[in-house]
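Survey of secondary and tertiary structure
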Amino acid sequence: MTWYKVLKDDVLKDGDLYKANIEGKEILIIKDGGSYYATSLYCTHEEYDLSEGFVDDHQLICPNHFATFNPGDGSVISPPESAGDIDPLSSYSVKVEKGEVLVEV
Ligand code: FES
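Notes on the structure in this doc start here. (Residues numbered from 1 in each chain as written. Predicted model: local features only at pLDDT ≥ 70, side-chain atom pairs only at ≥ 80, totals over all residues. Heavy atoms only, no water.)

**Looking at the pairing of strand β10 (residues 94-97)**
Taken together, the four bridges between β10 and strand β11 (residues 100-104) define a ladder with antiparallel strand orientation. By the bridge assignment for β11, V96 is matched with V101. Counting the residues between successive antiparallel strands, the hairpin from β10 to β11 contains two residues, one of them, K98, with a positive phi of roughly 50°. (Pairing = 2+ DSSP bridges. Helix = DSSP H or I, 4+ residues; strand = E, 2+ residues; numbered from the N terminus.)

**Description of the sheet that holds strand β3 (residues 25-32)**
Hydrogen bonds between backbone atoms are what pair the strands of a sheet, whose relative direction is either parallel or antiparallel. The antiparallel open sheet is built from four strands, whose spatial order is β2-β3-β4-β9. The strands lining the two open edges of the sheet, one partner per strand, are β2 (17-22) and β9 (91-92). With two bridges connecting them, strand β4 (residues 35-40) and β9 associate as antiparallel partners. If you follow A38 over to β9, its bridge partner there is Y92.

**Concerning the packing of aromatic side chains**
Counted by the stated rule, this structure contains zero aromatic pairs. In this structure, K95 packs its charged tip against the face of W3, placed 4.3 Å from the ring centre. (Phe/Tyr/Trp six-rings, centres within 6.5 Å; stacked < 30°, edge-to-face > 60°. Lys NZ or Arg CZ within 6 Å of the ring centre and 35° of its normal.)

**A word on the sheet that holds β11**
With antiparallel pairing, three strands are arranged side by side in an open sheet as β1-β11-β10. What marks the edges here is a single partner per strand, and that holds for β1 (3-8) and β10. On average, each strand axis in the sheet is inclined to that of its neighbour by 35°, with strand direction left out of account. (Axes fitted to C-alpha atoms, helices over the stretch in contact; angles between N-to-C directions.)

**Describing the pattern of salt bridges**
Note that side chains of opposite charge can pair when their charged atoms are close. Applying the stated criterion to the full structure yields four salt bridges. Between E100 and K8 there is a salt bridge, with the nearest N and O atoms lying 3.2 Å from each other. Here E100, found in strand β11, pairs with K8, found in strand β1; they are 92 residues apart in sequence, far enough to count as distant. Between K95 and E97 there is a salt bridge whose closest N-O contact spans 3.2 Å. (Salt bridge = Lys/Arg side-chain N within 4 Å of Asp/Glu carboxyl O.)

**As for the side chain of D49**
For D49, the location among the structural elements is in the loop between β4 and β5 (54-56). Judged by relative accessible area, which is 12%, D49 ranks as buried. Polar contacts involving the side chain of D49 include one to the side chain of K19, which spans 2.6 Å. Reaching out from D49, the side chain makes a polar contact with the side chain of S51 at a distance of 2.7 Å. (Buried < 20%, exposed > 50% of the residue type's maximum accessible area, 1.4 Å probe, protein only. Polar contact = N/O pair within 3.5 Å; in protein donor to acceptor, adjacent residues only side chain to side chain.)

**Re the pairing of β11**
Most of β11 sits out of view: five of its five residues are buried. Judged by which residues are buried, β11 turns out to be covered on both faces: E100, L102 and E104 on one side and V101 and V103 on the other are all buried. Direction of pairing for β1 relative to β11: antiparallel, over a ladder of five bridges. Across the sheet, the residue bridging to L7 is V101, located in β11.

Structure representation (structure tokens):
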């Protein structure tokens, strides 16, 4: 596992989502409540690009069928209605150092 610089700390506002490509891996950076989180980019329901989603009440929401995920660990809060269980997102460690946001991949 290696830490990669992804963006400057002052780029994102609270609630913003950012699509990053780290060593060929597509990652979603989430800023919420002043903290950063990182998950896999695609919804585990039908692979929708979650950078087009949104954050509400500390939940990451897929705009396609409204699956909700916990940004902190990628776990499923609620699957789309009548979809049954869906897999959690992958989750990555994030830290801020010297004004840069770094993700461990
Ligand atoms: S693709 Fe995300 S909820 Fe269906």
